[in-house]
Amino acid sequence: MYPQNFERLIAIFEKLPGVGYKTAQRYAFKVLEEPEEEIRDIADVILNSQKIKRCKTCGFLSDEDECVFCKDKTRRQDTIMVVAYPQDVIALENTEAYHGLYHVLNGLISSVKGIYPEDINIEGLLKRINENVKEIIIAVSPTMDGEMTALYLDKVLKEKGVTVTRIAHGLPMGAALDYADDLTLIKAIDNRRKISDE
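Here's a quick rundown of the structure.

Conventions used here
Residues numbered from 1 in each chain as written. Predicted model: local features only at pLDDT ≥ 70, side-chain atom pairs only at ≥ 80, totals over all residues. Heavy atoms only, no water. Helix = DSSP H or I, 4+ residues; strand = E, 2+ residues; numbered from the N terminus. Rg over C-alpha atoms; globule rule 2.2 N^0.38 Å. Contact = heavy atoms within 4.5 Å. Areas by Shrake-Rupley, 256 points an atom, 1.4 Å probe, with all protein chains shown as cover. Lys, Arg positive; Asp, Glu negative; His and termini not counted. Charge placed at Lys NZ, Arg CZ, Asp CG, Glu CD. Salt bridge = Lys/Arg side-chain N within 4 Å of Asp/Glu carboxyl O. Buried < 20%, exposed > 50% of the residue type's maximum accessible area, 1.4 Å probe, protein only. Expected span 1.5 Å × (residues − 1). Patch = residues over 30% accessible without salt bridge, like charges linked within 9 Å, V, L, I, M, F, W, Y side chains within 5 Å.

### Notes on the overall build of the protein chain
Point 1. Regarding its fold elements, the protein chain presents eight helices and six strands.
Point 2. For the protein chain, the N- to C-terminal ordering of α and β elements is α-α-α-β-β-α-β-α-β-α-β-α-β-α.
Point 3. The C-alpha atoms of the protein chain give a radius of gyration of 21 Å, which is well past the 16 Å a tight globule of 198 residues would have.
Point 4. By sequence separation, contacts in the protein chain at least 24 residues apart represent 46% of the contacts at least 6 residues apart.
Point 5. Carbon together with sulfur atoms contributes 55% to the accessible area of the protein chain, which is approximately 13900 Å² in total.
Point 6. Taking the average location of the 26 positive side-chain charges in the protein chain and that of its 33 negative ones, the two points are 4 Å from each other.

Below, the structure written as structure tokens:
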């Protein structure tokens, strides 16, 4: 019943992840309330997003050929944290607990979805392995696809003679045991450690 252009606006918002018709409709009405200058700014930012590149070294997002992490020579050059997506880098960076380099796969191996090792950024990682790299930390989610990817990476990286580790998985702080799924509990048990070294 809405005008055609308004329906098209709703349809565009509906394409965003997690946005249903009602939310898309609210977004569309919000656009109508904004001054034209604001809408032009939003459109300009969206159009300029096409200029965002993948770092030629690690696969993270960048405005230039290399990202801020790869250009930062104060970071540990002997450790590379492997993640599935760019947003994982930001989540890890926000902890301020890691100061090495990153490598973004831009996906996970999934035979169900038809995604194989050659479809993600594994070849780029293998090219980065040299005598300076001592450890590769695999930091992918403990899902079926994440497990498959981690196992594959462990196999090919060990052939390169580099130490391969994996971030621990288990119960998050404040979680109740009876709400945890089986895989989370198994990982929590497998990754247990001493309370103290006494």
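### Observations concerning the pattern of salt bridges
Point 1. Per the counting criterion, the structure on display carries nine salt bridges.
Point 2. With a shortest N-O distance of 3.2 Å, Arg-166 and Glu-147 are connected by a salt bridge. Of this pair, Arg-166 sits in strand S6 (residues 163-166) while Glu-147 sits in helix H7 (residues 144-158), placing them 19 residues apart in sequence.
Point 3. The class for Arg-166 is partly exposed, based on a relative accessible area of 28%.
Point 4. Here Asp-154 and Lys-158 are joined by a salt bridge, their closest N and O atoms 3.4 Å apart. With Asp-154 and Lys-158 both in helix H7, this residue pair falls four residues apart, about one helical turn.

### Observations concerning helix H2 (residues 21-33)
Point 1. In this model, H2 (13 residues) spans 19 Å end to end at C-alpha, consistent with the 18 Å of a helix rising 1.5 Å per residue.
Point 2. Where the residues of H2 are buried, they touch helix H1 (4-14).

### With respect to a nonpolar patch on the surface
Point 1. A contiguous nonpolar surface patch, about 370 Å² in accessible area, is contributed by Tyr-2, Tyr-21, Phe-29 and Leu-32.
Point 2. Positionally, Tyr-21 belongs in helix H2.
Point 3. According to the relative accessible area criterion, Tyr-21 is partly exposed, its value standing at 35%.

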